[in-house]
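# Residue-level structural notes
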Amino acid sequence: MKNNTNVFIKNRGILIFFAVMLLAPFLIGLLEGSSPAVILNNRGSMSKFLEGLGIEIFILAMFALSYDLLFGITGLLSFGHSMFFAVAAYLTGIALKTMHLPFWQVVLLVLLVAVIQALLFSLVLPRVKGVTFTLVSLGLASVFHIIVMSSDMINLTGADVGLQGVPVPAFISPVSERLRFYVIALSLLVATFLFYRRFVASPTGRVCVAIRENEGRAKMLGYNTTLFKIVVMVISSLTASIAGLLHALYQPIISPGVADLGYTVMGLLIVLVGGVGTLSGAIVGAFALRLLDFTLRRYIGESAAIITGAIYVIFVLFVPYGIIGTMNLRQFKTKQGWQRLLGLLKPKE
Amino acid sequence: MKTTLRKNSKAIIILVVIAAFLFVAARGMSGKDVIITVLRGFSIGSVTFLVAAGFSLIFGLLDVLNLSQGTLYMIGAYVGWTVYVRPDTFVDVLTPILLILAGFSLSSLWERFAKRIQLGAKPQKIAAWVMILVGFGLLALILTRYPIASWDLNNYSQSPITYSYMADQGMPIIPAEAVFQKISPFVAVIGILVTSSLSAFSIALLNSGTATTETANWRKYFVPGVLVLVGVLALVFNARITSWMYGMNSNWLFVIAILVSVISGVGLGALMETTLIRPLYSRPIYQLMLTLGLGTIGVQIVQAVWGRPEFVLPKPALFTGTGGVCPATNLADLFENHCSTILLLGGRVRVYDEIFIPIVGIIVLIVVWILLKRSRIGMIIRAGVQDRQMVEALGINVRRVFTLVFALGVGLAAFGGALAAPSSGLTPMMGEKLLLSALIALAIGGLTSFPGAALGSLLVGLIQQFMIKYGQIGIPLPFTDAVFKPSPPLVPASTVLLMVIVLLILPGGLLGTKE
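The written sequence of each chain sets the order in which its residues are numbered from 1. All chains are assigned letters beginning at A, and all ligands numbers beginning at 1, according to the order in which they are written. Reporting in this predicted model follows two pLDDT cut-offs: at least 70 for local features of residues, and 80 or more for side-chain atom pairs to be given and counted; totals over whole chains, interfaces and linings ignore these cut-offs and use all residues.

## Examining the overall build of chain B
- Scanning chain B from N- to C-terminus turns up 21 helices and four strands.
- With the C-alpha coordinates of chain B rotated into their principal frame, the extents come out at 85 × 60 × 40 Å.
- Three classes are used. A residue is buried when 20 or more other C-beta atoms lie within 10 Å of its own, exposed when 12 or fewer do, and partly exposed in between, with C-beta atoms placed from the backbone. Of all 515 residues assigned to chain B, the portion counted as buried reaches 44%. Here a strand is any run of E in DSSP of at least two residues, a helix any run of H or I of at least four, and the numbering for each starts at the N terminus.

## Quick look at the overall build of chain A
- If you tally the helices and strands in chain A, you get 16 helices and two strands.
- The globule rule puts the C-alpha radius of gyration for 349 residues at 20 Å, and the 21 Å found for chain A is close to it.
- Projected onto the principal axes, the alpha-carbon positions of chain A cover approximately 80 × 65 × 50 Å.
- Across the 349 residues of chain A, 44% fall into the buried class. Here the globule rule reads 2.2 Å times residues to the power 0.38, and the radius of gyration is calculated from C-alpha atoms.

## Considering the interface of chain B and chain A
- Note on contacts: each residue gets a C-beta atom placed from the backbone, and two residues are in contact if those atoms are within 7 Å. Taken residue by residue, the interface counts 32 residues in chain B and 31 residues in chain A.
- Sorting the residues of the side of chain B that touches chain A by element identifies α13 (284-306), α19 (430-445) and α21 (490-505) of chain B as the ones contributing at least two each.
- Note on residue classes: Ala, Val, Leu, Ile, Met, Phe, Trp, Tyr, Cys and Pro are nonpolar, Asp, Glu, Lys and Arg are charged, and everything else, Gly too, is polar. In terms of residue class, the side of chain B that touches chain A is built from 27 nonpolar, four polar and one charged.

## What to know about the pairing of strand β2 (residues 347-350) of chain B
Residues and elements named next belong to chain B.
- Where strand β1 (residues 341-344) lies against β2, four bridges are found, and the strand directions are antiparallel. Looking at the pairing, Thr-341 lines up with Arg-350 of β2.
- One requirement defines pairing of two strands: DSSP has to find at least two bridges between them. Where β1 folds back on β2, the antiparallel hairpin that results is connected by two residues, among which Leu-345 adopts a positive phi of roughly 50°.

## Quick notes on the confidence of the model for chain A
- Considering every residue of chain A, the mean pLDDT works out to 82; 96% of them sit at 70 or more.
- pLDDT is defined as a per-residue confidence score from the predictor, taking values between 0 and 100. Per-element confidence in chain A ranges from a low mean pLDDT of 65 for helix α1 (residues 2-10) of chain A to a high of 90 for helix α12 (residues 225-250) of chain A.

## A word on the environment of Ser-487 of chain B
- Position of Ser-487 of chain B among the secondary structure elements: in the loop between β4 (483-484) and α21.
- For Ser-487 of chain B, a count of 13 C-beta atoms within 10 Å puts it in the partly exposed group.
- Along the chain, Ser-487 of chain B and Tyr-470 of chain B lie 17 residues apart, while their C-alpha atoms are 9.1 Å from each other.
- Residues contacting Ser-487 of chain B, with those up to four places away along its chain left out, are Ser-150, Ser-151 and Asp-152 of chain A together with Gly-471 of chain B.

## A few points about unusual backbone geometry
- Here His-100 of chain A, not a glycine, exhibits a phi torsion of approximately 55°, which is positive.
- Mapped onto the fold, His-100 of chain A is located in the loop between α5 (82-97) and α6 (103-124).
- Of note, the phi angle at Asp-63 of chain B is positive, near 60°, even though the residue is not glycine.
- Mapped onto the secondary structure, Asp-63 of chain B falls in the loop between α3 (31-62) and α4 (69-85).

## Structural notes on α3 of chain B
All names here are of chain B.
- In a helix, the anticipated span is given by 1.5 Å times the number of residues less one. Taking 1.5 Å per residue as the helical rise, α3 with its 32 residues ought to reach 46 Å, and the 45 Å between its terminal C-alpha atoms agrees with that figure.
- Note that the bend at a residue is defined as the angle between axes fitted to the seven residues ending at it and the seven residues starting at it. Taking the largest bend as the criterion, α3 deviates by roughly 25°, centred on Phe-49.
- Burial runs high along α3: 26 of the 32 residues are buried.
- Positive phi appears at Asp-63, one or two residues downstream of α3, with a value of about 60°.

## Topic: the nonpolar core
- Think of a nonpolar core as buried Ala, Val, Leu, Ile, Met, Phe, Trp, Tyr and Cys residues chained together by C-beta atoms that fall within 7 Å. Ile-59, Ala-61, Ala-64, Phe-85, Ile-270 and Ala-286 of chain A together with Ala-77 of chain B are the most contacted members of the largest nonpolar core, which totals 218 residues.
- With residues near it in sequence (within four places) discarded, Phe-85 of chain A still touches Phe-63, Ala-240, Ala-243, Gly-244, Val-258 and Tyr-263 of chain A.
- Judged by nonpolar contacts, the second largest core, of eleven residues, contains Leu-99, Tyr-146, Ile-192 and Leu-227 of chain B.

## Brief notes about the packing of helix α15 (residues 351-374) of chain B against helix α16 (residues 376-386) of chain B
All names here are of chain B.
- Their axes nearest at 5 Å, the elements α15 and α16 cross at an angle of 80°. Overall, the two elements α15 and α16 adopt an arrangement that is roughly perpendicular. In contact with Leu-371, Leu-372, Lys-373 and Arg-374 of α15, α16 contributes Gly-378, Ile-381 and Arg-382. Between N-to-C directions, angles cover 0 to 180 degrees, with each direction set by a line fitted to C-alpha atoms, over the stretch in contact for helices. An angle below 35 degrees is read as roughly parallel, one above 145 as roughly antiparallel, one from 65 to 115 as roughly perpendicular, and any other as oblique.

## Things to note about the confidence of the model for chain B
- Per-residue pLDDT for chain B has a mean of 81; in total, 93% of the residues score no lower than 70.
- Scored by ipTM, the complex comes to 0.77, with pTM at 0.85.

## Comments concerning the environment of Ala-127 of chain B
All names here are of chain B.
- In this fold, Ala-127 is placed in helix α7 (residues 121-145).
- Linking Ala-127 and Asp-168, residues 41 residues apart in sequence, is a C-alpha distance of 53 Å.
- For Ala-127, the residues in contact, after removing those within four places along its chain, are Leu-119 and Leu-205.

See below:
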């Protein structure tokens with residue numbers, strides 16, 4: 001019993017997040033003046049729009065989480081991470097549009113391909129280390145990007161226009177059943193996060209952290225580091241693929257931009273803003289960046305990318321631990337500050 | 001015999017690899033096609049080499065993967081275009097930049113003053129930040145009022161495309177001069193100087209706790225003095241310099257354009273290293289991310305200033321002759337008429353793209369090679385690549401060498417950009433593409449090896465061009481009548497595949513050292 005409460009207390013942050021996010025559409029609906037029933041029928045305009053934004057953020061956060069596991073926890077700097085995401089997105093699109101597979105088969109296929117891809121990267125892993133691995137992953141991903149963009153594949157992938165007109169199964173259609181989609185995406189994100197939390201705390205996860213800190217030493221202690229890296233690669237690839245699948249279902253167009261280096265860099269940026277190796281930083285970073293980008297684009301337009309780039313540089317130079325990392329460092333001081341504040345409010349005995 | 005083999009093992013490897021490649025690739029092609037394709041490969045290879053060489057020097061000595069190298073290549077091209085097509089803009093911009101540099105180069109003098117000011121830690125910090133804000137704010141205010149003759153991205157007849165098209169046709173548009181209206185020249189000059197030195201002073205005040213003491217000598221005042229003098233002269237004789245540059249022989253103007261872009265590359269490199277890269281030497285991953293971020297910002301800035309559409313840098317007169325005996329069949333005709341093309345084995349070869357660029361590439365290769373092998377600074381760089389701590393322990397100021405190498409590497413990239421601009425055209429995407437080729441070339445040749453950069457770039461260039469050529473003529477498959485035509489996407493994909501294969505067999509690259 002005691003153990004059970006501990007689990008809830010340990011994860012109270014994410015559980016509160018889950019509850020707030022579940023209630024958010026209804027609260028926004030109330031602000032807008034429509035009753036919960038209207039929201040349940042997907043008819044509130046403002047809340048529906050914000051649900052869409054939320055879904056985008058959840059997908060991004062999942063992608064960033066998988067990148068954080070790979071880069072922040074295990075220390076593998078891959079520049080080909082967007083490939084996992086893009087392969088899953090395109091595969092979903094093609095399987096639904098061209099091959100007319102039933103939905104559960106599509107999901108199975110995507111997961112299977114995710115594992116195969118991770119194993120493909122794992123062929124490379126024992127041979128190359130550090131910067132060379134970064135370059136090889138970049139190379140593999142850019143081959144996929146080139147294939148997607150090639151005019152030979154235009155019937156399947158839509159080349160540089162993107163894959164359009166994917167028939168989404170009616171029960172999670174983002175147009176008519178957006179609230180359901182929103183809840184599914186949110187639950188997947190929370191489940192992934194809880195799983196990652198558990199994974200990092202497990203003995204396997206501790207070895208992964210050891211690999212990041214000093215691979216030679218981990219090897220000397222008798223761990224087969226390559227095996228651990230492969231495990232992380234598979235988990236990360238599966239998560240990124242689920243995110244890609246959701247992306248393909250949600251977005252009307254799957255643009256080839258998701259296979260680009262730029263998409264990996266965005267994942268990196270999210271992880272960096274949130275805090276490298278903190279896991280919760282990925283979610284915070286996704287919220288911060290997507291909302292910032294959304295507002296900037298609304299008011300400034302295209303040149304918003306300059307500001308995003310500047311934020312990136314500022315974070316690298318001045319906030320290297322990211323939002324969550326810096327908060328964790330200051331937590332002790334903050335706790336002291338709160339106690340001092342409470343002490344002032346408390347009547348003296 | 002054995003020792004000669006071992007001593008020249010690298011050269012032998014290079015020759016064998018290239019010969020094997022040519023032997024395999026050139027079968028089934030006519031002599032005309034082979035020579036054109038090889039020359040084009042050399043041309044692409046040379047440009048890639050200029051970027052890759054800088055990259056490998058920087059990575060070898062500093063351990064910094066400078067992913068903004070592609071962006072700096074692009075900036076070099078755009079700066080070259082500005083000097084060549086719009087000298088008036090260049091002359092206008094020159095004055096404020098020199099004055100700002102003069103203001104900031106006084107910072108070592110300010111540091112001495114700042115040391116004497118003792119306000120206590122917190123007030124000093126607040127005062128410094130307030131002064132930084134005031135300084136930069138006023139500077140921005142003055143600079144927005146400073147008149148600079150420019151182009152208009154929204155107006156097609158005044159866009160960069162039109163200017164370069166007209167210059168290419170030999171009828172350059174000479175735009176109206178920008179005149180001082182919102183601000184008087186005297187106020188502008190003094191204002192820029194004062195505000196920039198105020199900012200420099202406040203930055204020195206921020207750092208005064210950690211500043212090193214250096215004795216002031218006449219050189220400290222000499223550099224800013226010269227900068228101010230040149231800046232003011234450029235302002236006073238603005239109209240005269242502009243008209244002189246417009247009337248100038250286009251060959252010399254092109255040389256000036258390349259020089260300016262190299263200098264701006266060197267300056268940008270030195271600025272980046274001293275301000276942004278230096279604080280991060282203890283955090284290598286962050287350096288990589290920083291250069292990546294700087295690269296994206298650079299692309300956005302270029303898009304904002306020069307616009308998205310593609311345009312070309314017109315070739316100088318030396319390479320544009322037509323009619324008469326052109327295309328030239330021998331060298332005498334070529335030099336006499338400045339032909340744009342020459343006939344080699346019955347194939348038309350463009351002189352600038354396929355002969356001039358490779359020659360420049362080879363010259364740069366030799367010059368940098370001699371610099372590395374024969375000069376004292378080259379010796380320090382090579383020693384630093386091998387063992388940085390040891391060099392430091394021997395009492396050499398490695399920091400200064402770091403700045404120098406970074407500036408040199410970026411300068412090489414900018415040079416490559418200005419050189420390639422007439423043949424490849426200018427787009428904000430040009431850097432990204434080339435950075436990928438340069439990375440592949442380096443991975444093939446060996447990341448820290450200078451000859452490896454040359455070999456890898458050459459291989460990448462040749463493979464790309466041969467794939468393009470085969471895309472046109474097709475490869476007859478053995479035992480069948482079918483003809484395989486590689487489609488354009490296979491061109492970059494083939495080099496990437498080669499890189500992956502090479503790295504899997506030799507993780508250090510062809511000429512890289514073993515880890």
